[in-house]
Amino acid sequence: SVSIQIVTYNRPSFLEQALVQISMQDYPGRLEVVVVDDSAASSKALVAAHAGKIDAKYVYLCDRRYSIGEKRNLAILEAAKSEADVLCIWDDDDIFT
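Residues numbered from 1 in each chain as written. Predicted model: local features only at pLDDT ≥ 70, side-chain atom pairs only at ≥ 80, totals over all residues. Heavy atoms only, no water.

### Quick look at a nonpolar patch on the surface
A contiguous nonpolar surface patch, about 230 Å² in accessible area, is contributed by I76, L87 and I89. The topology assignment puts L87 in strand β4 (residues 86-89). (Patch = residues over 30% accessible without salt bridge, like charges linked within 9 Å, V, L, I, M, F, W, Y side chains within 5 Å. Areas by Shrake-Rupley, 256 points an atom, 1.4 Å probe, with all protein chains shown as cover. Salt bridge = Lys/Arg side-chain N within 4 Å of Asp/Glu carboxyl O. Helix = DSSP H or I, 4+ residues; strand = E, 2+ residues; numbered from the N terminus.)

So, in structure tokens, the structure goes:
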């Protein structure tokens, strides 16, 4: 299985595109997506809209702004719970075809 880590901040349109592209991947195994977001407004509904195609976990950090390193570390801790074989870092503005 693959755990894909996305960290985001106030860029729901980029996050939406990243989720669309991830859901289009043809990897034969399980894909888990962990979104760590410290935006001003939650993107939980946006992530939930893709839950039928991918196994998505959403972590919303609303208490303060976090550095990208802190968010990546939190995403890795979430991935460790699933025992994924591969960890993939996918920024919210990455485009893979």
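### What to know about the pattern of salt bridges
All chains considered together, the criterion is met by 10 salt bridges. Between E32 and K57 there is a salt bridge whose closest N-O contact spans 3.1 Å. A residue pair is termed long-range when its members are at least 10 positions apart, and E32 in strand β2 (residues 31-37) and K57 in strand β3 (residues 55-60) qualify at 25 residues. The exposure class of K57 is partly exposed, given its relative accessible area of 25%. Between D91 and R72 there is a salt bridge, with the nearest N and O atoms lying 2.6 Å from each other. Separated by 19 residues along the polypeptide, D91 in the segment after β4 and R72 in helix α3 (residues 68-82) bring together distant segments of the chain. (Buried < 20%, exposed > 50% of the residue type's maximum accessible area, 1.4 Å probe, protein only.)

### Some words on the pairing of β2
By the criterion of burial, β2 is predominantly enclosed, with seven of the seven residues buried. On β2, burial covers both faces: L31, V33, V35 and D37 on one face and E32, V34 and V36 on the other are all buried. The pairing of strand β1 (residues 2-8) with β2 spans seven bridges and is parallel. Across the sheet, residue I4 finds its bridge partner in β2, namely V33. In this view, the connection linking β1 to its parallel neighbour β2 by way of helix α1 (residues 12-23) has right-handed handedness. One ladder, built from six bridges, connects β2 with β3; its direction is parallel. (Pairing = 2+ DSSP bridges. Right-handed = clockwise from strand over helix to strand, strands pointing away.)

### Considerations on the pairing of β1
The buried fraction of β1 is high, at seven of seven residues. Of the two faces of β1, the one holding V2, I4, I6 and T8 and the one holding S3, Q5 and V7 are both buried throughout. In this sheet, β4 lies alongside β1 in parallel orientation, the contact comprising four bridges. Bridge pairing links S3 to L87 in β4.

### Re unusual backbone geometry
Of note, N10 is a non-glycine position whose phi angle comes to about 55°, a positive value. Counting through the fold element by element, N10 comes out in the loop between β1 and α1. Overall, N10 belongs to the partly exposed group, its relative accessible area being 38%. For E83, which is not a glycine, the phi torsion comes out positive at approximately 60°. Examined against the element boundaries, E83 turns out to sit in the loop between α3 and β4.

By themselves, these are just geometric observations and shouldn't be taken as functional.
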